Amino acid sequence: MIFPNTASDVWSERLARTLAINMGATAGLTGFVMSGKQFREYVVPYTLSLAHQVGAGCWIAQGGCGCPEAVADILDGHILFRGKISDVNRRTTKGFARSTLTVQGYGGGDQSAAELFIEFQNEYLIAYINGRVAATVPDLICIVTEDEGQPVATELLRYGTRVAVLAVPGAAQMKTPRALEVVGPRAFGYDVDFAPLVGGKIGVDLASLMECTI
């Protein structure tokens, strides 16, 4: 199916999701032709290089310090919460996996009595700790396994898994006023103002990225 023209980008997504649902909720998508000039202006660069560095850092950390700490350090983020997945509630609405996740703290101290609650629509969108907003899109909420630092995507969430939840500053391109209209918390229906995390290496120049040490 080809959509040569649509009224807006929003309608492009609506039509694509409707088509995917009617194809059994599985479909490939190639979209939005752009020029080289547009690509250079809008792309978030060096993400593959950063992903390689995260993998290498986690592999090295398996022999010493914890993998979640290594991933958080490379991404200039921090560990938001540690705990065990205690509940996953899934439902599919209009082509989105609109679901919730609860992580119960453990390990003693204040966090053992704390609870992390995440809402996601295919991706993690907003995180609450004991009812207070802790992180939102377009900053990144990342979940990794506690022991090996393996990523836990929404489709891999399982009851009882021990995880570390990371809060990672998103790319600067995603935090402009125009971008927030599309990817900010209010764009997904949450009555919350975006409060950006400090820092962030996603999208920095390659020279700076290669200077990072593990």
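Rules behind the numbers
Residues numbered from 1 in each chain as written. Predicted model: local features only at pLDDT ≥ 70, side-chain atom pairs only at ≥ 80, totals over all residues. Heavy atoms only, no water. Patch = residues over 30% accessible without salt bridge, like charges linked within 9 Å, V, L, I, M, F, W, Y side chains within 5 Å. Areas by Shrake-Rupley, 256 points an atom, 1.4 Å probe, with all protein chains shown as cover. Salt bridge = Lys/Arg side-chain N within 4 Å of Asp/Glu carboxyl O. Helix = DSSP H or I, 4+ residues; strand = E, 2+ residues; numbered from the N terminus. Axes fitted to C-alpha atoms, helices over the stretch in contact; angles between N-to-C directions. Parallel < 35°, antiparallel > 145°, perpendicular 65-115°, else oblique. Left-handed = near helix turned anticlockwise from the far one by under 90°. Contact = heavy atoms within 4.5 Å. Nonpolar A, V, L, I, M, F, W, Y, C, P; charged D, E, K, R; others polar. Core = buried A, V, L, I, M, F, W, Y, C linked by side-chain atoms within 4.5 Å. Buried < 20%, exposed > 50% of the residue type's maximum accessible area, 1.4 Å probe, protein only. Expected span 1.5 Å × (residues − 1). Polar contact = N/O pair within 3.5 Å; in protein donor to acceptor, adjacent residues only side chain to side chain. Phe/Tyr/Trp six-rings, centres within 6.5 Å; stacked < 30°, edge-to-face > 60°. Lys NZ or Arg CZ within 6 Å of the ring centre and 35° of its normal.

1. Regarding a nonpolar patch on the surface
For step 1, the next point in the chain: The grouping of Met1, Phe3, Trp11 and Leu15 at the surface amounts to a nonpolar patch, some 450 Å² of accessible area in total.
For step 2, the next point in the chain: Counting through the fold element by element, Phe3 comes out in the segment before α1 (9-22).

2. A closer look at the packing of helix α3 (residues 47-61) against helix α4 (residues 67-74)
For step 1, the next point in the chain: Running from N to C, α3 and α4 point in directions that differ by 150°, and their axes come no closer than 8 Å. Judged on the interaxial angle alone, α4 and α3 are roughly antiparallel. For the element pair α3 and α4, the recorded crossing hand is right-handed. Contacts between α3 and α4 involve Leu50, Gln53, Val54, Gly57, Cys58 and Ala61 from the first element and Cys67, Ala70, Val71 and Ile74 from the second.
For step 2, the next point in the chain: Class assignment of the residues belonging to the contact of α3 with α4 gives a composition of eight nonpolar, two polar and no charged.

3. Focus on the nonpolar core
For step 1, the next point in the chain: Ranked by size, the top nonpolar core spans 20 residues in total, and within it Leu101, Leu116, Ile118, Tyr124, Ile143, Leu157 and Val165 carry the most contacts.
For step 2, the next point in the chain: Going through the elements one at a time, β1 (78-89), β3 (96-105), β4 (115-121), β5 (123-129), β7 (140-145) and β8 (162-168) are the ones with two or more residues in this core.
For step 3, the next point in the chain: Apart from residues lying up to four places away in sequence, Ile143 is in contact with Leu101, Ile118, Tyr124, Gln150, Pro151, Val152, Leu157, Val163, Ala164 and Val165.
For step 4, the next point in the chain: Of all hydrophobic cores here, the second largest spans 16 residues; its members include Ala61, Ala70, Val144 and Val168.

4. What about α1?
For step 1, the next point in the chain: Here α1 contains 14 residues, and its C-alpha end-to-end distance of 20 Å stays within 8% of the 20 Å for a straight helix at 1.5 Å per residue.
For step 2, the next point in the chain: Backbone geometry just after α1 places Gly24 at a positive phi near 90°.

5. Let's talk about the side chain of Asp139
For step 1, the next point in the chain: Along the chain, Asp139 falls in the loop between β6 (132-136) and β7.
For step 2, the next point in the chain: Using a relative accessible area of 2% as the deciding quantity, one classes Asp139 as buried.
For step 3, the next point in the chain: A polar contact of 3.2 Å, which involves the side chain of Asp139, links it to the side chain of Lys175.
For step 4, the next point in the chain: Not counting residues within four places of it along the chain, the set of residues in contact with Asp139 comprises Val168, Pro169, Gly170, Lys175, Phe194, Ala195, Pro196 and Leu197.

6. Some points on the packing of aromatic side chains
For step 1, the next point in the chain: One pass over the full model with this rule turns up two aromatic pairs.
For step 2, the next point in the chain: Note on Phe117 and Tyr128: the rings are 6.3 Å apart at their centroids and 45° apart in plane angle, and the pair reads as tilted. Of the two residues, Phe117 sits in strand β4 while Tyr128 sits in strand β5, which places them eleven residues apart along the sequence.
For step 3, the next point in the chain: A relative accessible area of 28% means that Phe117 is categorised as partly exposed.
For step 4, the next point in the chain: The ring of Trp11 carries Arg14 above its face, with NZ or CZ at 4.9 Å from the centroid.
For step 5, the next point in the chain: Over the ring of Tyr106 we find Arg162, and its NZ or CZ is 4.4 Å from the ring centre.

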